Structure formats: structure tokens, C-alpha cells
There are 2 protein chains.
Amino acid sequence: MVREEVFVRCKAAIATIPLPQVDATDRGEPRGPLIVTSEIPGPRSQELSARLSQYQNADAVQFFVDYERSQGNYVVDVDGNVLLDIFTQIASLPLGYNHPRLIKAMQKPENLATVINRPALGSYPPIDYVERLQTSLLSVAPPGLRQVQTMGCGSCSVENGMKAINMAYQRRIRGPRPYTEGEMGSCLVNQSPGSPKLSFMSFSNAFHGRTMGALSLTHAKWYVKLDFPVPEWPIAPFPQLRYPLEEFVRENHAEERRCLEQVRDLIYTWDKRGEPVSGICIEPIQGDGGDNHASAAFFQGLQDICDETGVYLMLDEVQTGGGVSGKYWAHEHFRLRHAPHVVAFSKRMLSGGFYFADELRPTEGYRIYNTWTGDPTRLILLEQVIKEVMEKGLMAKAELVGSYMLDGLRVLQSEFPGVLSNARGLGTLCAVDVRDSDTRAQVVRRMRNRGVNLGVCGAVGIRLRPSLLFKHHHVDIFLDKLRTTIAEM
Amino acid sequence: MVREEVFVRCKAAIATIPLPQVDATDRGEPRGPLIVTSEIPGPRSQELSARLSQYQNADAVQFFVDYERSQGNYVVDVDGNVLLDIFTQIASLPLGYNHPRLIKAMQKPENLATVINRPALGSYPPIDYVERLQTSLLSVAPPGLRQVQTMGCGSCSVENGMKAINMAYQRRIRGPRPYTEGEMGSCLVNQSPGSPKLSFMSFSNAFHGRTMGALSLTHAKWYVKLDFPVPEWPIAPFPQLRYPLEEFVRENHAEERRCLEQVRDLIYTWDKRGEPVSGICIEPIQGDGGDNHASAAFFQGLQDICDETGVYLMLDEVQTGGGVSGKYWAHEHFRLRHAPHVVAFSKRMLSGGFYFADELRPTEGYRIYNTWTGDPTRLILLEQVIKEVMEKGLMAKAELVGSYMLDGLRVLQSEFPGVLSNARGLGTLCAVDVRDSDTRAQVVRRMRNRGVNLGVCGAVGIRLRPSLLFKHHHVDIFLDKLRTTIAEM
């Protein structure tokens, strides 16, 4: 049987490899990386990749993971390599691997029923659903927002945020009159007035997801977009700032003004064109597109333009939310005049979904809906994550650790000015650019072979997305290995 | 504390209500419905709905469920009502509630790590992923298909199926040459040639999902579509057949020919228009749009047209897959000349995703991708579901029980010719129409108050979607209560 062949053989082989000495102060987390194969992916990962590629393109596989043995900030691969994980499943593991609090929650028999009997949440919610929402998502709602809708993934969260915005926009135009037969009939055949000629604004280098609506707002990587038709909607330039931000205040301010002017121009142009902009979607820090920052003043200015023109503002916090910025939501750093209309989330919130302004609340059932609309199992886990974040003050710690990491990156970039540049960050959402994409690929590969798993962003960025349990000594391991790696190149 | 207030109070109150006598032959399933409130939703469900509606529009909530106490074909609501569930969370619970086999699987400690540490499957798959795919999804792959990609939900499955089709279509045009700078650059700003002018064909009354791409193919209900812009793509008429099918062979054949001719016409029209049809998406039986059937000959004819014109064919088996038709995939009844290019699934497959032809396999990594691309926890459960289906011969049973139910519906419609009509079905995928939508609403409400939970479809249809454990005596309960309900109206 296949399972005997590979799976059991793998497990048995791995069990013979000792994990590095355990650090008792860190919940049994290994003391540091341990590398047992000359290259990662090692032979077992390669074998499994070859098997997987019988059934799908497996070129994006980095390595296969032994999730049972992974712990805290350390991921253990199927060859027994132990890596410090600073990418955490594309920024989606808030408390690292196998946190005892999450294990305990899932061992409770009453939570088993939630895993086994996945409800159609919109129509048959479980007995504890309202309480679960209150103790999880609602307990960390962005200031000023108290409506929330769960969804399955980040793309669906953005898509449904767009939908809520479009509905509110049309409701404002329509006023209190009921829907006409013409509206209800025409939308069924994709025609106006029921399917209105509305556009949605996004920014260059943005990443908001991969389903058609979210993909229309995405401009980060060709391989995400090529060959798929999407509407020609307005795309504003995202500010291209110079780092460190505090050194280039005047230049950056000018750049941000330039971008805001284009936002305003595009709104007027598309209004005249007969496809008015109903909403604008933006990341507080652009993630996949290159960890691009903009100032609080930029976001305040953007909100002002939205308010002047009646355009709704959606912040996509799929990558930035969950406490790693030092606040639960990165946009809290922007001191906006009022809450954004939509805040979309997923990843380290464990559940997809979006918070939204009262004004955006659908007036009928089934307007924002699908079979599952999320998964309450994820809220059981999120509840525990939030308790841990609050009880242990993990947001304040993320701010300190992030600042320590950013300082370290700045030291390194002054040591290797030809190789590293543009160190930047907010909390632990840090990044640094490498000379060119080939060099970056080499750095990432060598770092992995040294036991540090990294992500990338933009054309030349290294994207750091540690868990909320990332500490100063983890930063030291990372910086030390990065120094060695670059020095030897 | 809020939890104390409602949740514990609810649980304590429910615990005092006795469940109906248990039937030992049916794994502890109640012997029949038990109604303890005069109306469903009862007072506790209403209280919880009011609380939920503080945070979102809760108008689609039917009742709140006690998932721990629900068992087999019976759902227990928070007021202690025990209902025979013939809608099963919108057709997404293949083995009903709390199946012991699923409980046992989730109690295994090694499966806990999968729940807690949700992987980014496309890049860091778990050690047992290939085996898990083989023992779950691949073990029931539609004949002729061996490529599979998991996804989070039905909409994402359809969207990514469309994407795979569009990529293959463009690859065929492009030939072996590499992508040009123009293609890679233009797609980033939503322009051709990178974002090609392609269209995707769908059918009137179709339901394929709610994200923008899937929504473009959906034409079933206004409230799913209104106020959201979607591309104007070609929509062919879905055959409107007369039932019973065997009595109207000639008329139905003519209607299907008419529809196929329009499919062909639309392909040529849109080709000339410069927005060629890359793919056609269709349900084997239209679900939400009204349980509309078409013959095997229709689907064969559709495939012939696709083959002649070079258009790819996607079957959306989100609602029809999983064994309830009497075969694992409803399209297996159509004896197609070769496999469809894409078969999308979700719901009672527990995981979303799609099977696809080798020809549609992306040639680079990250083309079909997102952070989670599904959830391996769902495959652990699906593996057990498939074992149960195979070991217990549940598909053959579904065929027998479905046939028994359809016979019963036909008897009823002859008893109440002014009220019921168009009884139809394949396996347990049965439906019957009610005189008008008001009468249907009354029937569904009264049936629920008698302890039978039903779904609806189309303008006047009652949609039956029992679990694979549905037996003859459950059919008897359903038919008996339907007869009483209609007789008293």
C-alpha cells in the first residue's frame, strides 16, 4: 500500500533524527536550526514532490513538512531539517506551530462536533456562534466597526467587501425606492441597470487575491494575471518611497501628493466615462508587491478624497492584520478621521472575512452569502490566539522585536551597501531589498540551507513574516546567518 | 459574561428535553422527528438571531443548531426540536451528523496537528499529502481525469477551473513560443494581450458561485447578482424540459436541439465579435436554478460542439458530485465520449477543488495558487467518507432510495395535481414543484414545523438533498408528512 511505502518509511526515518536541544523557556521549541541534508529540499521532499507532480504542477513546493514535529518558530521538514520559520505559511500562523493552547482547544470533545459537522453558517449557525464571534473577531474589531462577515479565504473576503461596497453605492443612488423589475431582470443576464457599470480602483503593485474580482485589483506579478480576462478598471500609482522614511520626508511627501492627485483625477475621469468608481481597495503595507510603505498622511489624504467624492474605502489587511504591526490592525497606525468602510482579513486571523461600516450592511438576506461562509473551527482557534495575544502582550512584543530586527537590518545594509538596501518595517512586518533578483534567489536558498526559511516580495525584496512568538534571540539567529551568507557570496 | 448568559443557559435548557427514542439499527439516530416548540425557529433560535443581527444581516438564518446533539439524518435545533434533515447544510454533509467514523478520525492525535497548523498547501504540503490525495480525491476521480487541485470553496473551484481553461486556451494559440514582455507587462494593468479578450459561456438559470468570475456564469436569482458589475458574456438557454422525461421524449429532444443550436451560434457570434469563448460551464443538473435536468444526449451534443470548436468544457459538480446521483459524479450517467476538461467540486466532497485534463495543467508554478489552496483537514474527513461510501455500497443505496422517493413524489403529485408537479430526480437528487412560490413557502414552513427540514430551488421547486445514509423509512416519514401538509392546506 502506498501509505506503507512512503509515509511510514518517512516517519520512521525521521524519528531516528534527534531534534536539537530543547529550550525549556520557549515551550519546548528547539534551541536553533538543525540541518541534516546538504540541500533543502532534501531527498525525501524531492521524492514527495515528484510524486505530487503526477497530479498537479508542484513547482511552487518548497519542501514537505512534518507538522507534528514542528514547534513554535521552528518548522521541521520531512528530511529532519529544523528551520527557523520567518515566513510561517505565508504569514498565516500567528502562534507558530503546535501551540499548546490550540492543541488544548481542539482536544475538547464539544469542539469536535464543529470540525466534523461543518455548518452552512449563514442559515444554520451553531448554538455558540454569536458568542464565538464576540470572543474572537468582534473582540478585536477595528475601532469604529462592529459589523462582521466571515468568509473562507482572502480572495473571497475582498470579493465580498467589493460586493458590499457596490450594493451600498447603488443603494445611495437608488434611494428608498424598491428594486424595479428591470433591475432584477437585467442583472440575471449580466446587463445594466441590474449589473451596473461601476469600476473599482486599485493601486500599482497591489495584491488582493486571485478570483476574478480580487484579481482585477491585483497588479503585483505577471504569473498571477496572465491569460485571464479582467475588467479595465482604474489603477492609481502606489507611492514609491525612499527609505529610511525619516530621511526622505520631503521627497516622499511629494511622491505621495502626486499619487493622491492621480487618485482624484482617475475618480473624475471614470465618473465622466460613465463607469464611476464605487470603491478603492488598498493594503496598509503592500505585501506581495514588495512591502511598499506609505505614510499616515497618505492614507488620511486618501480617506479625505473618498469622503469628498463619495467613494468607499476598503483596507485589505489580509497580510497586515492580527497584531504583528504592533497594533491589531496596521491601519490603526494611520490615525484616520473615521473607520474605513471595509477591513478585509484572512491569513493569521485563521478565518477569512471582513468588518464593515453599518452603512454597508445588506438590506436583505442572502446578498452576502455562500454555502459555508467561513468555518467556525477557525474561530475556536482564533479565540485562543486572541487570548494569548492579549494575556501575553504579544503586540507590544512584536513592536519591540520588529524594531530590533529593523535596526539589525539597517546595520547589515550599512555593512553590505552593494547588496542590501531599503530596510523597512512596521512591527515585525519587515523587509529588505537585495541587489537583484538572482542574488535574492541565492540568498534565500543559502539561508534555507543554513536553517532559516524566508519569503520574498516584489522584484528584489525579502519578506519577513515571523509569528507573534518571535523573540530577540530568533532575530539574532536570523541576522547572524544573513551576515554569514552575504559575506561568503 | 455573555457566554454564561445565553450559551450555557441554552445548553442546560436543551439538556432537559428528551431526544426521541433511539433506533439501535441506525447508529443511535432518533426514530423520528420531535417537535417541542409551536413554530420553528423557536424562542431560543429567535433570541440568537436577534443577537447575531447586531453584527450582520441574519435574515437568511433558518434556525440555530446544536451540532453536538444532531445525529445521522436528524438535526437538533437549540430549542430541542429534532428535524429530519433533507437539506443537510445545503447538500454538504455526505454522512449526516456526527458519523462515528469521522469522530474517530478526528480523535487521532496525529490528525490534530493538521487542524492546528493549517499549511500553505501549494508550498509547504504535509508529509502525508500525496497519500491523502490518493486515498481521498484521486480514489474517486472522474473516469479519464487524474489531475486535481484543491481549493477552499465552490466559487474558488469554479474560478480556478476557468483560469486553467483560459491558460490552456491561450497556450494553444501561443504555441511553444515564450511569453513576450508585452504580454507580461500588459496583464499587470488589465490590458490585452496579457489580459486577453476571452469570454466564458454559461446557461440561463445556472448557479456557479458568487465571486466575480463565478458570478458572471450565475443566472439563477436576482439577489445573488444585483448591483455587482460582471462582464457581458454569452448565455445560452438551458433546456426547459417537460417531466416525466420518458413521456415527453420528442418535445424534449426538440428543446435540447434548439438550445444546442444556440450554443453553436453564440460560439460563432462571439468569435466574430473578437471575444472568443474559451470555455463553457454547466451543471449536470441545475441546482439552485430549479433542479433542471437535461438528457445524456444533450450533454453528448454539447461535448461534440466543444470538440468541433475547440472550446473547453467544465462540469460544475459542486452540488451533484459525491455519490448521491448513484454514481460518484453525475456526469458519469451521460456516457460522454471522453472526460470533460474540468470537473469542479465542493460541498459534500468537504473540500473545494477541481479535476482537470492533462492538457490543462499549468506549465509554471504559482499560476493556480493561493495561500491555503484548501484544507487538508477536509481530506482526512473525506478519506473516511469515501471508505464508508465504498464499503457500505452507499451509491447503489442512494439510487434505490432515490428511486423510491421519486415514485412516492409521483404518487403524491397524482393525488394533488393542482399543487404538486414535475417530480424529477437522479438518485436522491430529487425535486418537485409547488403551485406557486407562496404555496411553496407555506409547505416548507409547515413541513419544518412538522419536523422535516427542506430546501428550495428555482421559483417553485422543493429541493431534496438528503445524506447518503437516507433510507426508505426516512422517505416514508417525509412523504407521509408532505401528504398531511398538503391535504390540510
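On a predicted model such as this, the values are computed, not experimentally measured, just so you know.

> In this structure, what is going on with the overall build of chain A? I would like to understand it.
Secondary structure assignment for chain A yields 16 helices and 16 strands. Relative to a compact globule of 489 residues, whose C-alpha radius of gyration would be 23 Å, chain A shows 23 Å and is just as compact. Judged by the C-alpha coordinates and their principal axes, chain A covers about 70 × 55 × 45 Å. Residues counted as buried form 67% of the 489 residues belonging to chain A.

> Honestly, the interface of chain B and chain A in this entry has me stumped. Any pointers?
Frequently, the measure chosen for interface size is the accessible area removed from exposure when the parts meet. Contacts between the two partners involve 133 residues from chain B and, on the opposite side, 132 residues from chain A. Taken together, the two surfaces of chain B and chain A that pack against each other cover about 12,100 Å², and 59% of this comes from carbon and sulfur. For the chain B face of the interface with chain A, the top three residues by lost area are Tyr-55, Tyr-124 and Ile-127 of chain B, together amounting to 7%. If you look at where chain B meets chain A, you find ten salt bridges.

> What should I look at first to understand the packing of helix H4 (residues 100-107) of chain A against helix H13 (residues 376-391) of chain A in this one?
For any two helices packed against each other, the geometry is given by the interaxial angle and the distance between the axes. All names here are of chain A. Viewed as axis vectors pointing N to C, H4 and H13 meet at an angle of 145°, and their least axial separation amounts to 10 Å. Where H4 crosses over H13, the two elements pack in a sense that is right-handed. Judged by residue contacts, Arg-101, Leu-102, Ala-105 and Met-106 of H4 engage Thr-377, Ile-380, Leu-381, Gln-384, Val-385, Lys-387, Glu-388 and Glu-391 from H13. In terms of residue class, the contact of H4 with H13 is made up of six nonpolar, two polar and four charged.

> I would appreciate a short explanation of the relation of the copies chain B and chain A in the present structure.
Each of the two chain copies can be brought onto the other by rotation about an axis and movement along it. Placing chain B over chain A gives an RMSD of 0.0 Å and needs a rotation angle of 180°, together with 0.0 Å of translation along the axis. Such a combination of turn and shift is consistent with a two-fold rotation axis. The position closest to the rotation axis in chain B is occupied by the C-alpha of Met-212 of chain B, lying 2.7 Å away. Counting the interface residues of chain B, we find that 99% of their copies in chain A are interface residues as well, pointing to one common contact surface.

> Would you mind going over the packing of aromatic side chains with me for this structure?
Two descriptors summarise a pair of aromatic rings, namely the distance from one centre to the other and the angle between the planes of the rings. On inspection of all chains with the given rule, the structure shows 32 aromatic pairs over all chains. Ring centres 6.1 Å apart and planes at 40° place the aromatic pair Tyr-67 of chain B and Tyr-97 of chain B in the tilted group. Of this pair, Tyr-67 of chain B sits in the loop between helix H2 (43-52) and strand S3 (74-76) while Tyr-97 of chain B sits in the loop between helix H3 (88-91) and helix H4 (100-107); the two residues are 30 residues apart in sequence, bridging distant segments of the chain. The exposure class of Tyr-67 of chain B is buried, given its relative accessible area of 5%. Judged by its relative accessible area of 1%, Tyr-97 of chain B falls in the buried class. Site record: aromatic cluster; members linked through ring pairs are Tyr-179, Tyr-366 and Tyr-369 of chain A together with Trp-222 and Tyr-223 of chain B. Cation over ring: Lys-163 of chain B sits above Phe-228 of chain A, and NZ or CZ is 5.8 Å from the ring centre.

> How should the pattern of salt bridges be read in this particular structure?
Oppositely charged side chains may form a pair once their charged atoms are brought near each other. Considering all chains together, one arrives at 60 salt bridges over all chains under this definition. In this structure, Arg-132 of chain B and Asp-128 of chain B form a salt bridge, with 2.8 Å as the shortest nitrogen-oxygen distance. A relative accessible area of 12% means that Asp-128 of chain B is categorised as buried. Ionic pairing is found between Arg-174 of chain B and Glu-183 of chain B, a salt bridge with its closest N-O pair at 3.2 Å. Overlapping salt bridges, with partners in common, bring together Arg-174, Arg-177, Glu-183, Glu-364 and Arg-367 of chain A together with Asp-227 of chain B in one network.

> Help me out: how do you make sense of the sheet that holds strand S11 (residues 352-356) of chain A in this one?
In sheet architecture, strand pairing relies on hydrogen bonds along the backbone and comes in two forms, parallel and antiparallel. All names here are of chain A. Strand order in the open sheet formed by seven strands is S5-S11-S10-S9-S8-S6-S7, and the pairing between neighbours is mixed. This sheet does not close on itself; its edge strands, each paired only once, are strand S5 (147-151) and strand S7 (235-236). Pairing analysis gives three bridges linking strand S6 (residues 199-203) to strand S8 (residues 277-282), with the strands arranged parallel. Directly across from Ser-199, in S8, lies its bridge partner Val-277. On the sheet, helix H11 (residues 249-272) packs against S6, S7 and S8 and is oriented at approximately 160° with respect to S6.

> Explain the side chain of His-341 of chain A to me, please; I cannot follow it from the model alone.
Looking at the element boundaries, His-341 of chain A is found in the loop between strand S9 (312-316) and strand S10 (342-345). Excluding residues that lie within four positions of it along the chain, His-341 of chain A makes contacts with Val-311, Tyr-312, Leu-313, Tyr-355, Phe-356, Ala-357, Glu-359 and Leu-360 of chain A.

> Please explain the pairing of strand S13 (residues 429-434) of chain A as it appears in this structure.
Remember that side chains alternate between the two faces of the sheet whenever the strand is regular. All names here are of chain A. Most of S13 sits inside the fold, with six of its six residues counted as buried. Both faces of S13 are covered, namely the face carrying Leu-429, Ala-431 and Asp-433 and the face carrying Cys-430, Val-432 and Val-434. Inspection of the sheet shows strand S12 (residues 420-426) paired to S13 by five bridges, in the antiparallel sense. In the strand pairing of S13, Leu-426 is matched with Leu-429. Hairpin connection, S12 to S13: the antiparallel pair is bridged by two residues, and Gly-427 has positive phi, about 60°. Examined bridge by bridge, S13 and strand S16 (residues 461-464) share four bridges and lie antiparallel to one another. What sits directly across from Asp-433, in S16, is Gly-461.

> When you look at the sheet that holds strand S4 (residues 82-85) of chain B in this model, what are you seeing that I'm missing?
All names here are of chain B. Reading across from one edge, S3-S4-S14 is the order of the three strands in this open sheet, with mixed pairing throughout. Each having just a single partner strand, S3 and strand S14 (452-453) make up the two edges of the open sheet. Here S3 pairs with S4 via three bridges, running antiparallel. Its bridge partner being in S4, Tyr-74 is matched across the sheet by Leu-84.

> I would appreciate a short explanation of the domain arrangement of chain A in the present structure.
Residues and elements named next belong to chain A. Annotation of chain A at the domain level lists domain 1 (2-99 + 393-488) and domain 2 (110-177 + 187-390). The C-alpha-based centres of domain 1 and domain 2 are spaced at 29 Å. With 29 residues of domain 1 at the interface, the matching set in domain 2 holds 28 residues. A combined buried area of about 2,500 Å² lies between domain 1 and domain 2, and 59% of that area is made up of carbon and sulfur atoms. The three residues of domain 1 that bury the most area against domain 2 are Met-395, Leu-426 and Leu-429, which together make up 25% of that side's buried surface. Our count for the domain 1 to domain 2 interface comes out at three salt bridges. With a shortest N-O distance of 2.6 Å, Asp-291 and Arg-465 are connected by a salt bridge. Linking domain 1 with domain 2 are 13 residue pairs in polar contact (both at pLDDT 80 or more). For the side of domain 1 that touches domain 2, a count of residues per class yields 15 nonpolar, eight polar and six charged.

> Can you help me understand the environment of Tyr-243 of chain B in this one?
Within the secondary structure, Tyr-243 of chain B is located in the loop between strand S7 (235-236) and helix H11 (249-272). Within polar-contact distance, the side chain of Tyr-243 of chain B engages the backbone nitrogen of His-293 of chain B at 3.0 Å.

> Which parts of the structure should I look at to understand H4 of chain A?
Those residues of H4 of chain A not exposed but buried are Arg-101, Leu-102, Ala-105 and Met-106 of chain A. Along the long axis of H4 of chain A, the arc covered by the buried residues comes to 130°, so they all point the same way. Exposed side chains of H4 of chain A directed beyond 90 degrees from the buried face belong to Lys-104 and Gln-107 of chain A. Buried-residue contacts for H4 of chain A involve helix H5 (109-116) and H13 of chain A together with helix H5 (109-116) of chain B.

> Quick question: what am I supposed to make of the side chain of Gln-89 of chain B here?
Within the secondary structure, Gln-89 of chain B sits in helix H3. On the basis of relative accessibility, which here comes to 1%, the residue Gln-89 of chain B falls in the buried class. Setting aside chain neighbours within four positions, we find Gln-89 of chain B in contact with Arg-118, Pro-119, Ala-120, Tyr-124 and Thr-371 of chain A together with Tyr-67 and Tyr-97 of chain B.

> Is there a simple way to explain the environment of Met-162 of chain A in this structure?
You can see Met-162 of chain A is positioned in helix H7 (residues 154-174). Of the residues examined, Met-162 of chain A reaches a relative accessible area of 0% and is grouped as buried. It is 9.8 Å that separates the C-alpha atoms of Met-162 of chain A and Leu-313 of chain A, two residues lying 151 residues apart in sequence. What Met-162 of chain A contacts, discounting residues up to four positions off in sequence, is Phe-200, Gly-213, Ala-214, Leu-217, Trp-233 and Met-314 of chain A together with Phe-228 of chain B.

> What should I look at first to understand the state of the cysteines in this one?
Think of a disulfide as a covalent bridge from one cysteine sulfur atom to another cysteine sulfur atom. All names here are of chain B. Tallied over the entire structure, the rule returns zero disulfides over all chains. You can see Cys-153 has no disulfide; the closest cysteine sulfur is in Cys-156, sitting 3.7 Å from it. Its sulfur unpaired, Cys-281 is 11 Å from the next cysteine sulfur, which belongs to Cys-306.

> Help me understand unusual backbone geometry in this model?
Apart from glycine, the bulk of residues carry a negative phi angle, and the bulk of peptide bonds sit in the trans form. All names here are of chain A. A cis geometry characterises the amide bond from Ile-40 onward to Pro-41, with omega recorded as 5°. Residue position: Pro-41 is located in the loop between strand S2 (29-30) and helix H2 (43-52). Non-glycine residue Arg-335 carries a positive phi angle of around 45°. Mapped onto the elements of the fold, Arg-335 is located in the loop between S9 and S10. For Arg-335, a relative accessible area of 60% translates into the label exposed.

Here is what the cut-offs are and how they apply
Residues numbered from 1 in each chain as written. Chains lettered and ligands numbered in written order. Predicted model: local features only at pLDDT ≥ 70, side-chain atom pairs only at ≥ 80, totals over all residues. Heavy atoms only, no water. Helix = DSSP H or I, 4+ residues; strand = E, 2+ residues; numbered from the N terminus. Rg over C-alpha atoms; globule rule 2.2 N^0.38 Å. Buried < 20%, exposed > 50% of the residue type's maximum accessible area, 1.4 Å probe, protein only. Contact = heavy atoms within 4.5 Å. Buried area = accessible area lost by both parts, 1.4 Å probe. Salt bridge = Lys/Arg side-chain N within 4 Å of Asp/Glu carboxyl O. Axes fitted to C-alpha atoms, helices over the stretch in contact; angles between N-to-C directions. Left-handed = near helix turned anticlockwise from the far one by under 90°. Nonpolar A, V, L, I, M, F, W, Y, C, P; charged D, E, K, R; others polar. Least-squares fit on C-alpha atoms with pLDDT ≥ 70 in both. Phe/Tyr/Trp six-rings, centres within 6.5 Å; stacked < 30°, edge-to-face > 60°. Lys NZ or Arg CZ within 6 Å of the ring centre and 35° of its normal. Pairing = 2+ DSSP bridges. Domains from an automatic or database assignment. Polar contact = N/O pair within 3.5 Å; in protein donor to acceptor, adjacent residues only side chain to side chain. Arc of directions from axis to C-beta. Disulfide = S-S within 2.5 Å.

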